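# Structure assessment
Here is how the chains run, residue by residue.
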Amino acid sequence: MTPEDTRRAVRTENLSKIYQQEAEEVQAVRDVSLTIQPGEFTALAGPSGSGKTTLLNVIGGLTRPTRGQVWVGDQELSELPNRALARLRLDQVGFVFQAYNLLPVLTARENAEFPMLLQGVSVAERTSRVDALFARTGMTGLEDRRPGKLSGGQQQRVAVVRAVASRPALVLADEPTANLDSASSDALLDLMDDLNRDLGVTFVFATHDARVMNRCRRLVRMVDGAVSSDETR
Amino acid sequence: MTRPDSSSHVGVILALALRNLRRQVRRTALTATAIILGASLLVFANAIGDGTHEQWIDDGVRTGSGHVTIEHPAFRMSRKLEDRLAAEVRAATVAALATADLADRVTGISEQLTISGMASSAAGARPAQILAVNPEAEAAFTTIDEQVIEGRYLESDDRLAAYVGVGLMDQLDLRLGSRLVLTAQDVEQEIAGQLVRVVGVFRNGAPQVDQRVVHIPLGIAAEWLGTGEDVSNIAVVVADSTKVSGLVSRLREALAEPVDAGLATVLGWRDAMPALAALVAVDQYGNYFIFGILFIIIGFGIVNTVLMSVLHRQREFGVLQALGLTPRQTGAVVFVEGLLLTMVSTLVGVGIGTGMTWHFFGDGLDMAALAGDAMSNMDLGGVLMDPIVIPVFSVVRTVQTLGWISLMGVLASVYPAIRAARIDVCESMKFDR
């Protein structure tokens, strides 16, 4: 790998993912070769079943590719042991999910601090980062609420804070606006756009929401698991 | 950024496990209640079971040949006068029992001459089991002196005195102060008679005791039968029946010479009273069987709670792994939940069980009040069992109970933990609940 490669946030090479559904093989991702540079604000777009979520999961180390290779930073993921994959997810990747996926037993603050707790970040540092991000996302005053006491938009903002507070190089967001109304969606996209510009965090979205596609500066369209177009604006 | 070695995430796993237990308050409380009840019941059943066995053993050994008996090897089968302990073996035994390391363990010693003979009066003659004893030592050893219904037990300065069972009294039409002739073979194999006078009457409750047993002073028997300082056996009672084997070994060492010469044998109560040992063992195994069923019920309770919790939290486990926990650490969250639930509930259960047993039954549980006359006259081979059972609390038993339930908790948490560790992260986050 050349020094240039290590500056890339994500790189996939001939990446394929095949699922076995009973007797049938389903090819969710087909020979995708893609490079995403640090600081990009990219959308993987396509209809349901186009393979965008699967591609995001492979990039995030949540599932392993059937064929091909995937790098996050300078680490190739396909052969990494479980423990190293978990460490990579912890240190380098932040996730935002469609269904928010906050831990129900933790408060908003505890959810936001959770990855930093696993990283061993000091209490003072965790508090400082979360306070700053909560202030920026309009969540100040809601820190002690459990997810069940927050609206969908508020939960998703906590999820975004959780994803970026641990200072990952890459945030993967799977349909982050799908459960939000348009005002909440716009506010969330503003927030992520700001974080991308201010902190230099790379964002990759899997989406079929036109608002997300319009906000992204790069749009990778997928059809039947393969990249059909790749457009930088 | 401070970055200590946080790779095991023990604190996080523990905190998550505790939070999850608190989140499902009703489920946790129900399972904890089941474990607490089970543990309490086990403590109670163990204390009563051990108390019952200790009672049986105590009653048995005090009526019979003690926790440990030193006797001639042939005496147990023959019950004959000629199979007796020689005076020098008797002296060596008493000396060994008086040594500092043994004296502390011993609570009673009975030196007896057991004689099969006849008891006769003007009303007739009846077979009798004549026990020649040292009155003072015997009073400390047996409970028969407490069963007096008329007169008194033997005293150390008694000579021609007899303490007679109420059945034999009736059969021979005797009264307090009546004369009675005891007849048996002496050491020369000649029939010899001895006149004694009734000083006390007892009612044991076991017919074979009440109708046959006569206690007389050892000194008068020695003169009557010419046995000198010899005795049939020396019975020893100890404070703790579980420590018998050590005493037997120690006495065998001390009496190695007569034992090797075939002049004496040292037997623990299990060898001397195999029927009683078998009864205790059968009852104990019955208890173990019940306890086993109880353990299985508790185990299923834990599996059910933890597994249901796992099945309802697929998404959460997926999120934990997405955020950086390994599959093993995710499983550990579930495992620790099960373990915490079990350990805390068991400790509470053992505490409650011990407290309640002590509070309500510390002075004894009257089985006769529960089971009626059947228990109040429980006669096992001539040994009348006391229906009042004093619970026995044992640290070993308590630790065993804690250990077994904890082991059950560990085993019952393993499968749910494996299920949690093996989830498909992507699929679990699709799980819509």
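Everything below is about the structure shown above.
Residues numbered from 1 in each chain as written. Chains lettered and ligands numbered in written order. Predicted model: local features only at pLDDT ≥ 70, side-chain atom pairs only at ≥ 80, totals over all residues.

### Concerning the overall build of chain B
When helices and strands are counted, chain B shows 19 helices and 14 strands. Compactness check: chain B gives a C-alpha radius of gyration of 31 Å against a globular reference of 22 Å for 433 residues, more than 25% above the reference. A principal-axis box enclosing the C-alpha atoms of chain B has dimensions of 100 × 50 × 30 Å. Counting only residues that meet the buried cut, chain B has 45% of its 433 residues in that class. Across chain B, every contact between residues at least 6 apart in sequence was considered, and the portion connecting residues at least 24 apart equals 82%. (Helix = DSSP H or I, 4+ residues; strand = E, 2+ residues; numbered from the N terminus. Rg over C-alpha atoms; globule rule 2.2 N^0.38 Å. Buried ≥ 20, exposed ≤ 12 C-beta atoms within 10 Å, placed from the backbone. Contact = placed C-beta atoms within 7 Å.)

### A short note on unusual backbone geometry
One non-glycine residue, E175 of chain A, lies in positive phi territory at about 45°. The phi torsion at D173 of chain B lies on the positive side, around 50°, for a residue other than glycine. Mapped onto the secondary structure, D173 of chain B falls in the loop between α7 (166-171) and β6 (179-185).

### Quick notes on the nonpolar core
In this structure, L44 and V204 of chain A are the most contacted members of the largest nonpolar core, which totals 110 residues. Here this core gets eight residues from one element, more than from any other, and that element is helix α15 (residues 327-361) of chain B. What V204 of chain A contacts, discounting residues up to four positions off in sequence, is V10, I36, T42, L44, L56, I59, L170 and L172 of chain A. Residues V68, A119, V133 and A264 of chain B belong to the second largest nonpolar core, which totals 65 residues. (Core = buried A, V, L, I, M, F, W, Y, C linked by C-beta atoms within 7 Å.)

### Let's talk about the sheet that holds strand β10 (residues 226-232) of chain A
All names here are of chain A. Reading across from one edge, β6-β7-β8-β3-β9-β10 is the order of the six strands in this open sheet, with mixed pairing throughout. Every other strand in the sheet has two partners, leaving β6 (93-96) and β10 as the edge strands with one partner each. Across the sheet, the mean angle from the axis of one strand to that of its neighbour is 15°, orientation sign disregarded. (Pairing = 2+ DSSP bridges. Axes fitted to C-alpha atoms, helices over the stretch in contact; angles between N-to-C directions.)

### Details of the packing of α15 of chain B against helix α18 (residues 395-421) of chain B
Residues and elements named next belong to chain B. Closest axis-to-axis distance for the α15/α18 pair is 8 Å, and the angle between their directions is 155°. By the angle between their axes, α15 is roughly antiparallel relative to α18. Seen from above, α15 lies across α18 with right-handed handedness. Residue classes in the contact of α15 with α18 are distributed as 17 nonpolar, ten polar and one charged. (Parallel < 35°, antiparallel > 145°, perpendicular 65-115°, else oblique. Left-handed = near helix turned anticlockwise from the far one by under 90°. Nonpolar A, V, L, I, M, F, W, Y, C, P; charged D, E, K, R; others polar.)

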